[in-house]
Amino acid sequence: MADECFGHPRLAAIYDPLDPDRSDLDAYTRMAEEFGARRVLDIGCGTGVFALLLADRGIEVVGVDPAAASLDVARGKPGGERVRWIRGDVTALPPLRVDLATMTANVAQAIVAPESWRETLRAAYRALRPGGRLVFETRDPARRAWEDWNREQSYSVTEIPGVGTVESWLQVTDVSRPLVTFRSTYVFAADGQVLTSHSTLRFRERQEVEADLSAQGYVIDDVRDAPDRPGREFVFLARRPAA
């Protein structure tokens, strides 16, 4: 099930303007080039920012996401017709043989149930061609990123064309390691509407992720740093063996 910030049409429509800096995707674009990927599966594609970046480079992309409102935004963007958009999760995909599967930003951590996580890894494995790679990021629990998720440090006011002024902020509501739950609040000045979205992320230790990948048959080629948040995240590069 998608969080409200992805599934509510009014919130999906402002998701990109509220988070315009997507330099975090640069590393993924470089890895697609590094691996010579011609077919990519973008798991949890949201409003399609990364999928469209790849499509602009002539890469064949399948974007899958459970949130219909986010996919509607993605389809409506310039070049949206070049991506194959699928509503649902990766476990329901038709047969694919992609070179690269990705889970950018919070996607991997938003899959909180252990069995759902294992099913996602299995499904991504099936979608890869032999020798294909799965790449995703997850925050290092030791850095306690959630301690910055409060109104004082996250409050912003954004002027969005056609929408007006939107106030937004985060607030952690529960920390029950490895799960952290937080609330996002949005206030629309145009009509005073207040919308909230609740999200839960799972903070997995590096060794836990490595064990989960190995259990599903992956070979772990590397665990890299996230260039945009050095020392704060693990970027996993896992491969389906060629034979």
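If you're wondering where the values come from, they're calculated on a predicted model, not measured in any experiment.

Caption draft 1: Representation of the side chain of Asn 150 in the model. Tracing the sequence through the fold places Asn 150 in the loop between strand S5 (128-139) and helix H8 (151-154). Separated by 2.9 Å, the side chain of Asn 150 and the backbone nitrogen of Gln 153 make a polar contact.

Caption draft 2: Molecular detail of the pattern of salt bridges. Counted according to the given criterion, the structure contains 19 salt bridges. Residues Arg 39 and Glu 60 are paired through a salt bridge, measuring 3.2 Å at the closest nitrogen-oxygen approach. Here Arg 39 is found in strand S1 (residues 39-43), whereas its partner Glu 60 is found in strand S2 (residues 60-65), with 21 residues between them in sequence. A relative accessible area of 26% means that Arg 39 is categorised as partly exposed. Close ionic contact of Arg 206 with Glu 210 constitutes a salt bridge, the shortest N to O distance being 2.9 Å. With Arg 206 and Glu 210 both in helix H9 (residues 206-215) and 4 residues apart, this pair spans about one turn of that helix. Since its relative accessible area comes to 33%, Arg 206 is described here as partly exposed. When its relative accessible area of 22% is taken as the criterion, Glu 210 is described as partly exposed.

Caption draft 3: View of the sheet that holds strand S8 (residues 179-188). Taken in spatial order, the 4 strands of this open sheet run S6-S7-S8-S9, and their pairing is antiparallel. Looking at which strands have only one partner, the edges of the open sheet turn out to be strand S6 (156-160) and strand S9 (194-202). Pairs of neighbouring strands in the sheet enclose a mean axial angle of 25°, with direction left out of account. Examined bridge by bridge, S6 and strand S7 (residues 164-176) share 5 bridges and lie antiparallel to one another. Opposite Thr 158, over in S7, you have Val 166 as the bridge partner.

Rules used in this analysis
The residue count restarts for each chain, going from 1 along the sequence in the order it is written. Given that this is a predicted model, residues contribute local features only at a pLDDT of at least 70 and side-chain atom pairs are listed and counted only at 80 or more, while totals for whole chains, interfaces and linings are drawn from all residues. Only hydrogens and water are set aside when side-chain values are computed; all heavy atoms of the structure are taken into account. The helix and strand labels rest on DSSP assignments: H or I over at least four residues marks a helix, E over at least two residues marks a strand, and numbering proceeds from the N terminus. Nitrogen and oxygen atoms within 3.5 Å of one another constitute a polar contact, given that in protein one can donate a hydrogen and the other can accept it, and given that sequence-neighbouring residues count only through two side-chain atoms. Every case where a carboxyl oxygen of Asp or Glu lies within 4 Å of a side-chain nitrogen of Lys or Arg is listed as a salt bridge. Summary of the burial criterion: residues with accessible area below 20% of their type's maximum are buried, those above 50% are exposed, and those between are partly exposed, where the area comes from a 1.4 Å probe applied to protein chains only. The pairing criterion is simple: DSSP has to find at least two bridges between the two strands. Fitting a line to C-alpha atoms yields each axis, with helices limited to the stretch in contact; the angle taken between N-to-C directions then spans 0 to 180 degrees.

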